[in-house]
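Here's the letter readout for the chains.
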Amino acid sequence: MDMRLSIATLLAAGLLWSGPVLAKPGNADKGLAIYNKRCVWCHGEKGDGDGPAKGYLNPPPRDFTSSNYKIKTAGFNSMIPNDEDIYRMIRDGMPGTSMPGWSSVLNEQDMWDLVAQIKKFSDIKENPESQVEYGTPVASSPESLEKGKKLFMDLCAECHGDEGKGDANKKLKGDAEERTWPRNLTKPWTFRGSSDPRDIFTRVSTGIPGTQMPSFADPVSKKKMTVEERWHVANYASSLGKNGKKPESDNTVIKASRVEGELPGAPDDAIWSAQPASTFNLVPQLIGKERFFTPSNDTITVRAVYNNKEIALLLEWDDRTKSLPGDQTAISIADEPIRQDAVAVQLPVVIPEGMEKPYFGMGDVANPVNVWQWKSGDTATPESVRLLNAKGFADLAPREAAAVGLQAKGVYAKGTWKVLMKRPLTTADPQSDLQFGEGRFIPIAFATWDGSNGEDKSRHTMTTWYWLLLKPAANSQPLMLALLVVVLLGLGEFWWIRSAARR
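In this report, the structure presented in the accompanying data block is examined.

### Describing the overall build of the protein
Working step 1: Scanning the protein for helices and strands turns up eleven helices and 16 strands.
Working step 2: When the 503 residues of the protein are sorted by exposure, 49% land in the buried category.
Working step 3: Residue pairs in contact within the protein that sit at least 24 positions apart in sequence constitute 66% of those at least 6 positions apart.
Working step 4: Working note: accessible area of the protein is about 24,800 Å², and carbon and sulfur atoms make up 55% of it.

The following block contains the structure:
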């Protein structure tokens, strides 16, 4: 007899995530064939998460033999998930991890067959003991957001930070002893179980098994919240997404505005808020040794301004920790060994005439690059900036940054680094340095290092090439020409009228 939950029970439980999903029977034998073709490489032959790719993934692949699932709609006291929970993970994947969504490869029945096989790995036969109780949903409103913010600051900010950026004040680990980071709530596109308030309510209610995210519905917990309070927190957490800077695939050009007078001297200068921002995805460095597979930084935002002498770039990225080697508090949060946080800008020595650019991994012999790198410092040394010329990963030539006027200054606050870099538009050595010019598309790329994540040297995150454009200042020449034409036409018309009057 099929002991699945009835449709009425499912609807009452509020199982709405990317549309309603109702369980269907699956064929485990067919599911095993699909599993061995698509899933075994990460999750292993026995479903225990011990596949060949395990050592390169963080979080590690799910161990299906444990019946321990992070994203579920079953009650906090029920270890077993609903079939629908497993199906959704297969269909939608988990953003921010190596688990993709399979809906473009597998049809619906294939995915239900996989559900049947995955349940066999842990011999799940019964139904969950309980379901999440949603009560009466509370709509988002200024009043709800205010109540949610107070609850959040009292109960959630300890891990997620005052602004929800996940800036940790303690080291967190998952059930497989892997390093885990609190979710950055300002980046809803990274939520692994949807950023809809209803789904956030579910996570707050069930917790995330296998992590240090607790259930706030557990009656014995000191952090227990009522159903209504959980709705307020869910509404507030959802609202933090408007503060995030999401990368847009069509935004590939950093537009530098020309300004009069001195350029800003600090990352927090008011001028930056008026400049257009370009945000790019960061990916692990997998090209040169030593390759890197477990990043924590995921995006970088760039703004730029220039005047008749200099150019300034503001680099901004969310980093959950301020890495400070030598500081015991920072060391207690970091992975060992702790390193300095850092950011780098890569530019070609010569602006390409066509579309061809240097190799984006530190240039090449025919097309060298300038690299500007800022480091955050430690308890013994202050922040620093250095200049490199590179013709590939193995051909690096350090140079004196001060000799070309390269400067940098960084500020860290509430989970975000802001670093200002400045350099003269031109230098005395055009054979070694990029000479900036108005109206030209200049290739530009970026890299970041999270010192608390053990990142150093070639272990870092990076972007591919994008473009930097110094927009020419708007001037009055076109207007003056138009006015001159109008005046000449007016004089001509006046002369014709007077001539006609004489005749």
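Continuing now.
### Observations regarding the pattern of salt bridges
Working step 1: Throughout the structure, instances matching the rule amount to 24 salt bridges.
Working step 2: For the salt bridge of Asp 83 with Lys 119, the shortest nitrogen-to-oxygen distance reads 3.0 Å. On the criterion of sequence distance, the pair formed by Asp 83 in helix H4 (residues 83–92) and Lys 119 in helix H5 (residues 108–121) is long-range, its members being 36 residues apart.
Working step 3: The buried category is assigned to Asp 83, whose relative accessible area is 13%.
Working step 4: Assessed through its relative accessible area of 16%, Lys 119 is described here as buried.
Working step 5: As a salt-bridge pair, Arg 179 and Asp 335 come within 3.1 Å of each other at their nearest N and O atoms. Placement of Arg 179 in strand E2 (residues 179–180) and of Asp 335 in the loop between helix H10 (328–333) and strand E8 (342–348) is noted, with a sequence separation of 156 residues between them.
Working step 6: Judged by its relative accessible area of 9%, Arg 179 falls in the buried class.
Working step 7: With relative accessibility at 19%, the residue Asp 335 sits in the buried group.
Working step 8: Via salt bridges that share partners, Glu 158, Lys 170 and Lys 223 belong to a single interconnected network.

### Points about the environment of Leu 434
Working step 1: Structurally, the position occupied by Leu 434 is in the loop between strand E13 (416–424) and strand E14 (441–449).
Working step 2: On the basis of relative accessibility, which here comes to 0%, the residue Leu 434 falls in the buried class.

### Observations concerning the packing of aromatic side chains
Working step 1: Under the criterion given, the structure shown has 17 aromatic pairs.
Working step 2: Ring geometry for Phe 64 and Phe 121: centres 6.2 Å apart, planes at 10 degrees, overall stacked. In this pair, Phe 64 sits in the loop between helix H3 (40–43) and H4 while Phe 121 sits in helix H5, placing the two residues 57 residues apart along the sequence. In this structure, Phe 64 and Phe 121 share a single accessibility class: buried.
Working step 3: When the ring of Phe 280 is compared with that of Phe 446, the centres are 6.1 Å apart and the planes differ by 15 degrees; the resulting orientation is stacked. Pair noted here: Phe 280 is in strand E4 (residues 278–281) and Phe 446 is in strand E14, with a separation of 166 residues, a long-range link.
Working step 4: With a relative accessible area of 2%, Phe 446 lands in the buried category.
Working step 5: Three or more aromatic residues link up through ring pairs in this structure, and these residues are Tyr 35, Phe 64, Tyr 69 and Phe 121.
Working step 6: Across from the ring centre of Trp 181, 3.8 Å away, lies the NZ or CZ of Arg 179, which sits over that ring.
Working step 7: The ring of Tyr 134 has Arg 198 lying over it, and the distance from NZ or CZ to the ring centre is 4.3 Å.

### Quick look at a nonpolar patch on the surface
Working step 1: Where nonpolar side chains cluster on the molecular surface, the patch consists of Tyr 56, Leu 286 and Phe 293 and spans about 290 Å² of accessible area.
Working step 2: Among the structural elements, Leu 286 can be located in the loop between strand E5 (283–284) and strand E6 (299–306).

### Concerning helix H6 (residues 142–155)
Working step 1: For H6, with 14 residues, the first-to-last C-alpha span of 20 Å sits near the 20 Å given by 1.5 Å per residue.
Working step 2: Residues of H6 that are buried include every one of Ser 144, Gly 148, Leu 151, Phe 152 and Leu 155, and no others. The buried side chains of H6 occupy one side of the element, clustering within an arc of 105 degrees when seen end-on. Turned more than 90 degrees away from the buried face of H6, the exposed residues are Pro 142, Glu 143, Glu 146, Lys 150 and Asp 154.
Working step 3: Those residues of H6 that are buried lie in contact with helix H7 (157–160) and helix H9 (227–239).

### A look at the nonpolar core
Working step 1: Ranked by internal contacts, the top residues of the largest apolar core, which has 35 residues, are Leu 315, Phe 436 and Leu 468.
Working step 2: Beyond its immediate sequence surroundings of up to four residues, Phe 436 is in contact with Ile 311, Leu 347, Trp 372, Arg 423, Pro 424, Leu 425, Thr 426, Ile 442, Leu 468 and Leu 470.
Working step 3: Tyr 134, Cys 156, Ile 200 and Tyr 236 belong to the second-largest nonpolar core, a separate cluster that totals 20 residues.

### A short note on the layout of surface pockets
Working step 1: By volume, the second largest pocket amounts to about 740 Å³.
Working step 2: What lines the second largest pocket is a set of 35 residues, among which His 43, Pro 60, Pro 61, Arg 62 and Phe 64 lie closest to the centre.
Working step 3: Going through the elements one at a time, H3, H4 and H5 are the ones with two or more residues in the lining of the second largest pocket.
Working step 4: In terms of residue count, the dominant contributor to the lining of the second largest pocket is H4 (four residues).
Working step 5: A breakdown of the residues in the lining of the second largest pocket according to their chemical character gives 20 nonpolar, five polar and ten charged.

Criteria and cut-off values
- Residue indices begin from 1 for each chain and proceed along its sequence in written order.
- Owing to the predicted nature of the model, reporting of local features is limited to residues with pLDDT of at least 70; listing and counting of side-chain atom pairs is limited to 80 or more, with chain, interface and lining totals taken over all residues.
- Each side-chain value is derived from all of the structure's non-hydrogen atoms; neither hydrogens nor water enter the calculation.
- Here a helix means four or more residues in a row that DSSP labels H or I, a strand means two or more in a row labelled E, and each is numbered from the N terminus.
- Note on classification: 1.4 Å probe, protein chains only; a residue is buried when its accessible area is under 20% of the maximum for its type, exposed when over 50%, partly exposed between these limits.
- Here, residues are in contact when the closest pair of their heavy atoms is within 4.5 Å.
- Only the protein chains shown count as covering a residue, and every accessible area follows the Shrake-Rupley method with a 1.4 Å probe.
- Any carboxyl oxygen of Asp or Glu within 4 Å of a side-chain nitrogen of Lys or Arg constitutes a salt bridge here.
- We call Phe, Tyr and Trp rings a pair once their centres come within 6.5 Å, taking the six-membered ring for Trp, and we label the pair stacked below 30 degrees between planes, edge-to-face above 60, and tilted otherwise.
- Counting as a charge over the ring demands two things of the Lys NZ or Arg CZ atom: a distance within 6 Å of the ring centre and an angle within 35 degrees of the ring normal.
- Each patch is built from residues lacking any salt bridge and having more than 30% relative accessible area; the joining distance is 9 Å for like charges and 5 Å for nonpolar side chains (Val, Leu, Ile, Met, Phe, Trp, Tyr).
- Helices are assigned an expected span. That span is 1.5 Å times one less than the residue count.
- This arc is taken over the directions from the axis of the helix to the C-beta atoms.
- The set of buried Ala, Val, Leu, Ile, Met, Phe, Trp, Tyr and Cys residues whose side-chain atoms join them within 4.5 Å is what this entry labels a nonpolar core.
- Here the term cavity refers to a set of points on a 1 Å grid, laid over the protein atoms alone, in which a 1.4 Å probe fits but cannot get out; the term pocket refers to an open set having protein on both sides within 12 Å along at least five of seven lines, with lining residues being those that place an atom within 4 Å of a point.
- Grid points are joined across faces, edges and corners, and a volume is the space filled by probe spheres set on the points.
- Only Asp, Glu, Lys and Arg are considered charged in this grouping, and only Ala, Val, Leu, Ile, Met, Phe, Trp, Tyr, Cys and Pro are considered nonpolar; every other residue, Gly among them, is considered polar.

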